[in-house]
Amino acid sequence: MTDSKYFTTTKKGEIFELKAELNSDKKEKKKEAVKKVIASMTVGKDVSALFPDVVNCMQTDNLELKKLVYLYLMNYAKSQPDMAIMAVNTFVKDCEDPNPLIRALAVRTMGCIRVDKITEYLCEPLRKCLKDEDPYVRKTAAVCVAKLHDINAQLVEDQGFLDTLKDLISDSNPMVVANAVAALSEIAESHPNSNLLDLNPQTINKLLTALNECTEWGQIFILDCLANYTPRDDRESQSICERVTPRLSHANSAVVLSAVKVLMKFMEMLPKDLDYYGTLLKKLAPPLVTLLSAEPELQYVALRNINLIVQKRPEILKHEMKVFFVKYNDPIYVKLEKLDIMIRLASQANIAQVLAELKEYATEVDVDFVRKAVRAIGRCAIKVEQSAERCVSTLLDLIQTKVNYVVQEAIVVIKDIFRKYPNKYESVIATLCENLDSLDEPEARAAMIWIVGEYAERIDNADELLESFLEGFHDESTQVQLQLLTAIVKLFLKKPTETQELVQQVLSLATQDSDNPDLRDRGYIYWRLLSTDPVAAKEVVLAEKPLISEETDLIEPTLLDELICHIGTLASVYHKPPSAFVEGSRGVQHKRLPARAGSGESAESPEVGQSGTSEAPPAVIPSQGDLLGDLLNLDLAPATTTVPSVQPSMQMGAMDLLGGGLDSLLGGDIGGSPSMGAALGAPAAMPAALSNAPAVGGGLGDLFDLGGGVGMPTGFYVAPKTLFLPAMKAKGLEISGTFARRGGIIQMDLSLTNKAMSVMTDFAIQFNRNSFGLAPAGPLQVLTPLTPNQTIDVSLPLGTTGPVMKMEPLNNLQVAVKNNIDVFYFSCQYPLSLLFVEDGKMERQVFLATWKDIPNDNEAQFQIKDVHLNSDAASNKLQGSNIFTIAKRTVDAQDMLYQSIKLTNGIWVLAEMRVQTGNPNYTLSIKCRAPEVSQFVYQCYELVLKN
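Residues numbered from 1 in each chain as written. Predicted model: local features only at pLDDT ≥ 70, side-chain atom pairs only at ≥ 80, totals over all residues. Heavy atoms only, no water.

A.B. asks: Provide a residue-level description of the overall build of the protein chain, including the pertinent values.
C.D. replies: What the protein chain contains, in helices and strands, is 37 helices and 13 strands. Expressed as a percentage of the 947 residues in the protein chain, the buried residues total 53%. At a minimum sequence separation of 6, the contacts of the protein chain that also span at least 24 residues come to 67%. (Helix = DSSP H or I, 4+ residues; strand = E, 2+ residues; numbered from the N terminus. Buried < 20%, exposed > 50% of the residue type's maximum accessible area, 1.4 Å probe, protein only. Contact = heavy atoms within 4.5 Å.)

Rendered as structure tokens:
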């Protein structure tokens, strides 16, 4: 008879009847009753009322009955902690039972009862089981330590269980070793800095010995542990690889991937000219190929991992292209992954095969797959130059099919082929133009417009084609509008006489009729370029374009190295580091590949070692040395935000985009004068907003905000003006002011008041040498005489390329102001946030490496009191002042924000800000290679957060 009878309900007094049966003298009846209780529990009925009666049944020699009672106990101990204590005696007794299965069962159940009250009673039985003579009991006890650590870490450490666990790594039984490693790894993961798994050559040797005799999951634990070890030299690395290689032929795919992870990591240390290196590459291919004969879900995981391996070491699978050919019954997710790997493996040797396959795929029924196949043909053309001609003719054949989405994809990739091989395949343009009417996707339309604009001189009716797009300009997507604007300007520069109306029309649409800031900005730049310097316009717009690179979607090298260390885990499927999708402390451990021995890297394969001698891009922001002692020797070349001198008619802090063009462009003749650029037939009607440009004064001037349209984001906190120079010290001239950073430009906003009886004229300003090289980027624009009792507001753009000298305090600025009466001196202090640049957001990986690299002595801690903002609001507020939040973690209701700041002289400041829910006081830790800066950075935090 089956066990289904236990699930059939009985009459009303079910609990009462079960109680009676549980207390029966007959063993069989007891067992039947416990089975009924477990059945009720399984279907979700509450049978906790029977707790004492079930616990009484523990006193039995029958293993089956004991297991059922323990199962019940695990389920209800949490809700009945006081009752659970009744079971402790039985645990203690069972841990000394002559039958090892009962001893192991007791210790396993102890680990699963997550009740604080009884954990201390379990320490003694657990200690005995860890030293039990039977390996089955020891391996179960090892896992119990990890479970107990999760409930009460302090207790486990005080009782010395961790040391016992470390001793078990030297156990004679391989399963005990595997479980000890698994338990230690689990504990180490939740305590990243504990250094529990102190791996040394002796321990590694023991693990490798146990590896051969473990179960498959034991092997995975040991291999994952080996992957965290860094060998001392290439000989040790080779010996470990030799002993791990047999695991590649294991039937379990998880064991295979764990072995591949270890080998990929340790290969980093092997010299490439070593015979064994070549042998290992050959051995890695067959197991990876075998993984692809599994069911689709496993294939997908294997393919995602192979994608990483191929990016790191394409030579492993270079002869295995056929395995990645798509089968008709593959699910779409497998097809797309295979396609990706085919392109990565494409080379001159196999390109003919690959193209034949791709052409076949392009006639499939699955739209997504066909699109990707057409893109793949284009990528092959860009990757393998010899195949470009064949790829282009294949794409033309596909265009002839007139299937809408195929045509559109083909046009997008042909644009890229033109970029890679200019003046080679332009003969196909006529065919492309025939399909103009069928394009309805933004990317395809934008690509076609680019082709027409780029090769306007070869297309007789280029102006008509572009005009046809212009009719529905405002209905197009931004991508198409931007391309259309650029294409028409190119056409105008190539055929000025025929297309003057067209260019005026598009410039007017882009600037006056559009509310998209990107489009307006580009429109104004072209407008001014064409108006002032047609030659410069030609050089800028028709400049030679750089060739595009072949692999644009490769994973960034440092991230790839980290993902290789996570092969066989979720990170390798997502292609993201664990910290990106695991919350809490567990995901934050970053793994790195070891440095190659004597790293004489050859340039043939795309790998980048992490060693000092490899040519990796620096993962750490380079040290600037002692900031201020050394500042005078720093090459303070003009920063990206160079500020030109600004002409009188317009008080503006604007970047000179064209070297010399802007000064004249903003000059007195800025109205709608047709004289400008008449040689080229530039638009005579300048936007109305340009002709009534503001005179002196509150120059918030964003170069492109002349029409009063979209302004700068007003994120930067500007302090109210303070008195810099009192009238009694300056013969009646009073100066108050403040500092601001607007759109990347530093400005000193001054109010000049004449409290004397005579008129003041001829104003000029100069700064003394200072810590960060601040200097006026133009003259002090006081254009009208300052009459008695009059106040004028002036905005002075500042650069950071002046002479440097360390000041005390660091942010002190000594200023001299001259007028027709005398020269006056004053000093003021600027907030350091003035120097925080817009590109100060560091990559997560770089942040972590830099934080570790900066000595701990350079860390300073501060308290910011009485801030009533949550972490998100604080983060947004700080971002307005270029203090960027890179990551946020929440631990125990405390938000930790990791932030980076870059100063104008290239110095990086890293910060960790802790925000406790409900606590108005924040803790701020600042790390910087120039610790002198920290105090002033903290002042900026205070200023921004409290205002």
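A.B. asks: Let's hear about the side chain of Ser833: which residues, and what values?
C.D. replies: Within the fold, Ser833 resides in the loop between strand E8 (823-829) and helix H35 (844-853). Excluding residues that lie within four positions of it along the chain, Ser833 makes contacts with Phe716, Arg741 and Cys940.

A.B. asks: Requested: an account of the pairing of strand E4 (residues 764-767), with residues and values cited.
C.D. replies: What you see with E4 is a clean split: Ile765 and Phe767 sit on the buried side and Ala764 and Gln766 on the side with no burial. As paired strands, E4 and strand E7 (residues 812-818) are joined by four bridges and run antiparallel to one another. Paired with Ala764 across the bridge in E7 is Lys818. (Pairing = 2+ DSSP bridges.)

A.B. asks: Before we move on, could you go through the nonpolar core and cite the residues and values that matter?
C.D. replies: Of all hydrophobic cores here, the largest spans 214 residues; its most connected members are Tyr72, Leu126, Val244 and Phe418. Once residues within four sequence positions are removed from consideration, Tyr72 is found in contact with Val37, Ile38, Met41, Val47, Ser48, Leu50, Phe51 and Val54. Ranked by size, the runner-up nonpolar core spans 65 residues in total, among them Phe767, Val782, Ile792 and Ile907. (Core = buried A, V, L, I, M, F, W, Y, C linked by side-chain atoms within 4.5 Å.)

A.B. asks: How would you summarise the sheet that holds strand E10 (residues 884-891) if you had to cite specific residues and measurements?
C.D. replies: Spatially, five strands are ordered E9-E13-E12-E11-E10 in an open sheet, and the strand pairing comes out antiparallel. Of all the strands in the sheet, the pair left with one neighbour each is strand E9 (859-864) and E10. Pairs of neighbouring strands in the sheet enclose a mean axial angle of 20°, with direction left out of account. Pairing of strand E11 (residues 894-902) with strand E12 (residues 908-916) involves nine bridges; the strand directions are antiparallel. Within E12, the residue paired with Asp895 across the bridge is Val915. Most of the contacts of helix H37 (residues 934-946) go to E9, to which it runs at about 25°, and overall it touches E9, E11, E12 and strand E13 (922-928). (Axes fitted to C-alpha atoms, helices over the stretch in contact; angles between N-to-C directions.)

A.B. asks: Provide a residue-level description of the sheet that holds E7, including the pertinent values.
C.D. replies: Across the sheet, which stays open at both edges, the three strands sit in the order E4-E7-E8 with antiparallel pairing between neighbours. Of all strands in the sheet, those bounded by a partner on one side alone are E4 and E8. Shown here is a sheet whose adjacent strand axes are inclined to one another by a mean of 25°, direction ignored.

A.B. asks: Account for unusual backbone geometry, with residues named and values stated.
C.D. replies: The omega torsion of the bond from Glu808 to Pro809 falls at -10°, within 30 degrees of zero and hence cis. Mapped onto the fold, Pro809 is located in the loop between strand E6 (791-799) and E7. The phi dihedral of Lys731 falls on the positive side, at around 50°, and the residue is not glycine. Positionally, Lys731 belongs in the loop between strand E1 (722-725) and strand E2 (733-742). Residue Lys731 is classed as partly exposed on the basis of its relative accessible area of 49%.

A.B. asks: Talk me through the environment of Pro135; I want residue IDs and the actual numbers.
C.D. replies: Here Pro135 is to be found in helix H9 (residues 135-151). In this structure Pro135 comes out as partly exposed when scored by relative accessible area, which is 28%. Between the C-alpha atom of Pro135 and that of Pro100, which follows or precedes it by 35 residues, the distance is 9.1 Å. Excluding residues within four positions of it along the chain, Pro135 makes contact with Asn173 and Val176.

A.B. asks: I'd love a proper account of helix H16 (residues 253-267), names of residues and values included.
C.D. replies: Residues three or four positions apart in an α-helix share a direction because the helix packs 3.6 residues into each turn. Taking 1.5 Å of rise per residue, the 15 residues of H16 would be expected to cover 21 Å, and the 21 Å separating its terminal C-alpha atoms lies within 8% of that figure. One side-chain oxygen of the residue at the start of H16 lies 2.7 Å from the amide nitrogen of Ala254, identifying that residue as Asn252. (Expected span 1.5 Å × (residues − 1). Polar contact = N/O pair within 3.5 Å; in protein donor to acceptor, adjacent residues only side chain to side chain.)

A.B. asks: Please provide a residue-by-residue account of the packing of aromatic side chains, values included.
C.D. replies: Applying the stated criterion across every chain yields a total of eleven aromatic pairs. An angle of 35° between the planes, with centres 6.2 Å apart, marks the rings of Phe724 and Phe739 as tilted. With Phe724 in strand E1 and Phe739 in strand E2, this pair connects stretches of sequence that are 15 residues apart. Taking the relative accessible area as the measure of exposure, Phe724 reaches 11% and is therefore buried. Ring geometry for Phe847 versus Tyr898: centroids 6.2 Å apart, planes at 70°, classification edge-to-face. Placement of Phe847 in helix H35 and of Tyr898 in strand E11 is noted, with a sequence separation of 51 residues between them. Side by side, Phe847 and Tyr898 carry an identical accessibility label, which is buried. Geometry around Phe369 places Lys335 over its ring, the cationic atom sitting 5.2 Å from the centre. Across the ring face of Tyr421, the terminal group of Lys424 is positioned such that the distance to the ring centre comes to 5.4 Å. (Phe/Tyr/Trp six-rings, centres within 6.5 Å; stacked < 30°, edge-to-face > 60°. Lys NZ or Arg CZ within 6 Å of the ring centre and 35° of its normal.)

A.B. asks: Kindly report on helix H26 (residues 462-470), identifying the contributing residues and their values.
C.D. replies: For H26, the full list of buried residues reads Ala462, Leu465, Leu466, Phe469 and Leu470. Projected down its long axis, H26 carries its buried residues within an arc of 145°, all on one side. Close packing links the buried residues of H26 with helix H24 (429-434), helix H25 (442-454), helix H27 (478-494) and helix H28 (500-511). (Arc of directions from axis to C-beta.)

A.B. asks: Just give me the short version of the packing of helix H13 (residues 201-211) against helix H15 (residues 234-244), but keep the residues and values in it.
C.D. replies: The N-to-C vectors of H13 and H15 enclose an angle of 15°; their axes lie 10 Å apart at closest approach. It follows that H13 is roughly parallel to H15 by the angle criterion. Note that H13 runs across H15; the crossing there is left-handed. Note on element contacts: H15 touches H13 through Glu236, Ile240, Arg243 and Val244, opposite Pro201, Ile204, Asn205, Leu208, Thr209 and Leu211. (Parallel < 35°, antiparallel > 145°, perpendicular 65-115°, else oblique. Left-handed = near helix turned anticlockwise from the far one by under 90°.)

A.B. asks: Which residues make up the side chain of Ser572, and what values go with them?
C.D. replies: As for its position among the elements, Ser572 is in helix H32 (residues 570-574). A distance of 2.7 Å separates a polar side-chain atom of Ser572 from the backbone oxygen of Thr569. Contacts of Ser572, omitting those with residues within four sequence positions, involve Arg304, Asn305, Leu308, His566 and Ile567.

A.B. asks: Lay out the pattern of salt bridges with the relevant residues and their values.
C.D. replies: As enumerated under the stated definition, the model contains 38 salt bridges in all. Put simply, Arg371, Arg375, Glu409, Glu441 and Glu443 are held in one network by salt bridges that share partners. (Salt bridge = Lys/Arg side-chain N within 4 Å of Asp/Glu carboxyl O.)

A.B. asks: Which residues make up the pairing of E9, and what values do they have?
C.D. replies: Burial along E9 is one-sided: Ala860, Phe862 and Ile864 are buried, while Glu859, Gln861 and Gln863, pointing the other way, are not. Pairing analysis gives six bridges linking E9 to E13, with the strands arranged antiparallel. Residue Gln863 lies in a different strand from E13, and its bridge partner there is Thr923.

A.B. asks: Break down the environment of His149 for me, citing the residues and quoting the values.
C.D. replies: Note on placement: His149 falls in helix H9. Classification of His149 by relative accessible area gives buried; the value is 5%. C-alpha of His149 to C-alpha of Ile187: the two residues are 38 residues apart in sequence and 7.2 Å apart in space. Among all residues touching His149, those that are not within four sequence positions of it are Val156, Glu157, Leu162, Ile187 and His191.

A.B. asks: How would you sum up a negative patch on the surface? Please name residues and give values.
C.D. replies: There is a patch of like negative charges on the surface, built from Glu464, Glu467, Glu471 and Glu501. Locating Glu471 in the fold gives a position in the loop between H26 and H27. Among the residues examined, Glu471 registers a relative accessible area of 70% and is labelled exposed. (Patch = residues over 30% accessible without salt bridge, like charges linked within 9 Å, V, L, I, M, F, W, Y side chains within 5 Å. Areas by Shrake-Rupley, 256 points an atom, 1.4 Å probe, with all protein chains shown as cover. Lys, Arg positive; Asp, Glu negative; His and termini not counted. Charge placed at Lys NZ, Arg CZ, Asp CG, Glu CD.)

A.B. asks: Run through the environment of Ala251, naming residues and quoting values.
C.D. replies: Relative to the helices and strands, Ala251 resides in the loop between H15 and H16. Considering only alpha carbons, one finds Ala251 and Pro287, 36 residues apart in sequence, at a separation of 9.7 Å.

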